[in-house]
Structures are given as C-alpha cells and as structure tokens.
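Tertiary structure, described
Chain by chain, the residues:
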Amino acid sequence: MRYLLVLIMAAALAIPAHAAEKAAPAGESQSIAAPAPHKAKPQHEKGQGMTNLHEVDTVAKALKAPDKSPVMIVGNIVEKVDGKKNHYVVDDGTGRMTVVIGTKTLKGMELTPDMKVRLMGKIKVKQGKAPVMGVRALHLVK
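Below is a short write-up of the structure. Please read all numbers here as calculations on a predicted model, not as lab measurements.

**Quick look at the packing of aromatic side chains**
- Under the defined criterion, the tally for this structure stands at zero aromatic pairs.
- Directly above the ring of Tyr 88 sits Lys 80, whose terminal nitrogen or CZ lies 5.2 Å from the centroid.

**A look at the pattern of salt bridges**
- Under the defined criterion, the tally for this structure stands at two salt bridges.
- Across the pair Lys 61 and Asp 57 runs a salt bridge, and its minimum N-O distance is 3.3 Å.
- For Lys 61, a relative accessible area of 43% translates into the label partly exposed.
- Of the charged contacts, one joins Arg 96 and Asp 91 as a salt bridge, the two residues approaching to 3.7 Å between their closest N and O atoms.
- For Arg 96, a relative accessible area of 46% gives the class partly exposed.

**Concerning unusual backbone geometry**
- Of note in this structure, Lys 68 is not a glycine but carries a positive phi near 70°.
- The residue Lys 68 is located in the loop between α2 (59-64) and β1 (70-80) in this model.
- Positive phi outside glycine occurs at Asn 86, with the angle close to 70°.
- Of note, Asn 86 is situated in the loop between β1 and β2 (87-91).

**What to know about the sheet that holds strand β5 (residues 132-141)**
- Strands sit in the order β1-β2-β3-β5-β4 around a closed barrel of five strands; the barrel is mixed. Going from strand to strand, the sheet's axes swing by 55° on average, the running direction of each strand aside.

**A word on the side chain of Thr 105**
- Looking at the secondary structure, you find Thr 105 in helix α3 (residues 103-106).
- Leave out the neighbours within four places in its chain, and Thr 105 touches Val 135, Arg 136, Ala 137 and Leu 138.

About the thresholds
- Every chain is numbered independently, its residues counted from 1 as its sequence is written.
- Reporting of local features is limited, given that this is a predicted model, to residues whose pLDDT is at least 70; pairs of side-chain atoms are given and counted only at 80 or more, and all residues count toward the totals for whole chains, interfaces and linings.
- Side-chain figures throughout are based on the complete set of non-hydrogen atoms in the structure, without hydrogens or water.
- The pairing test for Phe, Tyr and Trp rings, Trp by its six-membered ring, is centres within 6.5 Å, and the orientation test on the planes gives stacked under 30 degrees, edge-to-face over 60, and tilted for anything in between.
- Geometrically, a charge over a ring is one whose NZ (Lys) or CZ (Arg) sits within 6 Å of the ring centre while staying within 35 degrees of the ring normal.
- Basic side-chain nitrogens of Lys or Arg form a salt bridge, by our definition, when they fall within 4 Å of a carboxyl oxygen of Asp or Glu.
- Note on exposure labels: buried denotes an accessible area under 20% of the residue type's maximum, exposed denotes more than 50%, and partly exposed covers the range between, all computed with a 1.4 Å probe on protein chains only.
- Secondary structure elements follow DSSP: runs of H or I of four or more residues count as helices, runs of E of two or more count as strands, with numbering from the N terminus.
- Any two strands between which DSSP finds at least two bridges are classified as paired.
- To get an axis, fit a line to the C-alpha atoms, keeping to the stretch in contact for a helix; angles then go from 0 to 180 degrees between the N-to-C directions.
- A contact between two residues is defined here by any heavy atoms of the two lying within 4.5 Å.

In structure tokens form, the structure reads like this:
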C-alpha cells in the first residue's frame, strides 16, 4: 500500500513538470531565473561592533555606544522625568542620561537622589533622539 502511495505522489509531481515543457514554444527553451544575490552586510570600521559589558561602564561611553550595547553604570538617580512613566535621569559624574526602569525591576523600591545604584541593561538608540538605557537589573550600592 505504501509503495502505491509513493508511486501516485511521484506521478503527481512529475505531471506539472512535463506539462510545462510542452507549453513552451518549439524554438525556445525554458530557463529558471537564478535567485537574487544576498545583500552584503556593511563592514564596520575598526573599533565598532559588539562591545562587552565592561567597555560601556560610564554615561559618557553609553551616549556614544551603538544600539543594543550592554551597559553597566554606577551612579545616582538624579530625578524622575516629568510626564514619563518609569523614566529617570542618572548621573555618574561623566554625564547624565535617561534610563527606563520597569516596575518589575524596581520591585516597589522608592529611588531618591542620595541613593547610589548599579544599573545593568542595554542602550536604545532611535533616529533623532538621545540614547536611552533600558534597565534590566538594579542594585543598591553602599
């Protein structure tokens, strides 16, 4: 029974191919177009590309880092951004930047400017806007 099923499937696949050959005009041969070539990825200049967690450890470096770069910053939460939920400004002495700290990451913690924190996350870069750090982990530093 299996052999009969395999034979029927092979015939069903062969009939459309045979019909396509007969449909072509007598003097012309049918050709199959080659697939489009893949676009080459742009080569990065030396010094660009993936960065590791230890290279981006200050706000000044984070502001220049490419999108999705892992970051670890130790600094103070200076203020909460008005009108933005979970947006804060962090200062580590080299500069200031906006960070987004989700409610699950905060775990009900109240942040004050005198608290020193270690923030770990990734940089989000959008066209025409200042880079923002998405915080995945927050630890108090004593």
